[in-house]
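Working through the structure, step by step
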Amino acid sequence: MAGGIFILSGAGLSAESGLRTFRAADGLWEDHRVEDVATPEAFERDPELVQRFYNMRRAQAAAAMPNAAHEALAKLQADYDGPVTLVTQNVDDLLERSGAREVIHMHGSVMGALCSACDHRWAAPMEMRVSDPCPSCGMSHTRPDIVWFGEIPYHMDAIQNALENSDLFVSIGTSGMVYPAAGFSQMARQLGLKTLELNLEASGAMFDAVIEGPATQVVPDWVSRVLSGKEI
Ligand code: APR
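Residues numbered from 1 in each chain as written. Predicted model: local features only at pLDDT ≥ 70, side-chain atom pairs only at ≥ 80, totals over all residues. Heavy atoms only, no water.

Moving on: the sheet that holds strand β7 (residues 168–172). With parallel pairing, the six strands of this open sheet are ordered in space as β3-β2-β1-β7-β8-β9. Single-partner strands in this sheet number two, and they are β3 (104–105) and β9 (209–212). Relative to β3, strand β2 (residues 84–88) runs parallel, the two being bridged by two bridges. Within β3, the residue paired with Val-87 across the bridge is Ile-104. The sheet strands contacting helix α5 (residues 68–79) are β1 (5–9), β2 and β7, and the helix crosses β2 at an angle near 150 degrees. (Pairing = 2+ DSSP bridges. Helix = DSSP H or I, 4+ residues; strand = E, 2+ residues; numbered from the N terminus. Contact = heavy atoms within 4.5 Å. Axes fitted to C-alpha atoms, helices over the stretch in contact; angles between N-to-C directions.)

Attention now goes to the site of the ligand. In the neighbourhood of the ligand, 21 residues make up the surrounding shell, with Phe-22, Arg-23, Thr-174, Ser-175 and Asn-199 lying closest. The contact in question runs from an oxygen atom of the ligand to an N or O atom on the backbone of Ala-11, over 2.8 Å. When isolated, the ligand has an accessible area of 730 Å², and the protein chains bury 89% of it. Of the residues in the shell around the ligand, the class split is nine nonpolar, 10 polar and two charged. (Near = heavy atom within 4 Å. Polar contact = N/O pair within 3.5 Å; in protein donor to acceptor, adjacent residues only side chain to side chain. Areas by Shrake-Rupley, 256 points an atom, 1.4 Å probe, with all protein chains shown as cover. Nonpolar A, V, L, I, M, F, W, Y, C, P; charged D, E, K, R; others polar.)

When the UniProt feature table is mapped to this numbering, "domain: Deacetylase sirtuin-type" (unreviewed entry) covers residues 1–229. Secondary structure within residues 1–229 divides into 33% helix and 19% strand; the distance between the first and last C-alpha atoms comes to 13 Å. (UniProt positions renumbered as here; feature names shortened; annotations may be inferred.)

Ranked by size, the top nonpolar core spans 25 residues in total, and within it Ile-5, Ile-7, Leu-73, Leu-76, Val-170, Val-219 and Trp-222 carry the most contacts. Mapped by element, the contributors of at least two residues to this core are β1, α5, β2, β7, β8 (194–199) and α9 (215–227). Top contributing element to this core by residue count: α9, with six residues. Of all hydrophobic cores here, the second largest spans 21 residues; its members include Trp-29, Phe-43, Ala-61 and Val-110. (Core = buried A, V, L, I, M, F, W, Y, C linked by side-chain atoms within 4.5 Å. Buried < 20%, exposed > 50% of the residue type's maximum accessible area, 1.4 Å probe, protein only.)

Here the structure, examined in full by the defined rule, presents nine salt bridges. A salt bridge links Arg-33 to Glu-35; the nearest nitrogen and oxygen atoms lie 3.4 Å apart. Its relative accessible area of 39% is what places Glu-35 among the partly exposed residues. Across the salt bridge formed by Arg-97 and Asp-93, the nearest N and O atoms sit 3.3 Å from each other. Each of Arg-33, Glu-35, Asp-36 and Arg-45 takes part in a single network of salt bridges with overlapping partners. (Salt bridge = Lys/Arg side-chain N within 4 Å of Asp/Glu carboxyl O.)

Turning next to helix α7 (residues 156–164). When α7 is considered as a whole, its buried residues turn out to be Ile-159, Ala-162 and Leu-163. Along α7, the residues classed as buried sweep out an arc of 100 degrees about the axis, all on the same side. Buried positions along α7 lie against β1, β2, β3, β7 and α8 (184–190). (Arc of directions from axis to C-beta.)

It is worth spelling out unusual backbone geometry at this point. Negative phi is the rule for most residues except glycine; trans is the rule for most peptide bonds. With omega at 5 degrees, the peptide bond leading from Tyr-179 into Pro-180 counts as cis. If you trace the backbone, Pro-180 turns up in the loop between β7 and α8. Even without a glycine there, the phi angle at Glu-102 is positive, about 50 degrees. Among the secondary structure elements, Glu-102 is positioned in the loop between α6 (94–97) and β3. Residue classification places Glu-102 among the exposed residues on the basis of a relative accessible area of 74%.

In structure tokens form, the structure reads like this:
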């Protein structure tokens, strides 16, 4: 059994599928203020605005296609003879649509709906409305199943456990600006994992190795080296 690989991905993984990142010059946060569309307070204040923002992102994610990087990660997970944990900050379903399994969405999924009254989750309609009744309790407290700023990311226990049982930490296409994900590379180093960053440009965080380039080039290249036994 080969060493465990823990992979954290961010918006850069889906950038070449046409989904915008957040902090680039043309990033989502350039024309939408976080405090208007990505906090519980924003949803309380103007739920329709928040629903419109996530209906737009859901439609964009649904129209996007998985790229070579998503497909390479699904291939790694299928062919590598050790555990591969895929943790993503992304809320699109492009990894799943490329065949990846058990993807851990620590910031939720724009394809999911959540009832704030009873915590029931279901597949979101393309056009979600605040008034949509929960299929379980019937209340109209429907929100996108997204972890907003100020809320606790999902699956942190599973993430911690996977890190403790891995030998290599790989960060793909994330600026490392948002905690707790931003702290995973340091946690990995403290646990004795090797650390690698695959990014268009180095984020500046500390890694044992950094490979710069677009995800659709550097991720498939790296995966083929791992599968031919040249890496890890
Ligand atoms: N290939 C690889 N990496 C890329 C590419 C590409 N084609 N294009 C951009 N990147 C990299 C950038 O270099 C940057 O490091 O993707 C990263 C995008 O950074 P952000 O826009 O900050 O996105 P991310 O790191 O995923 O943000 C984390 O912040 O706003 C919250 O919840 C949101 O999950 C998000 C979190």
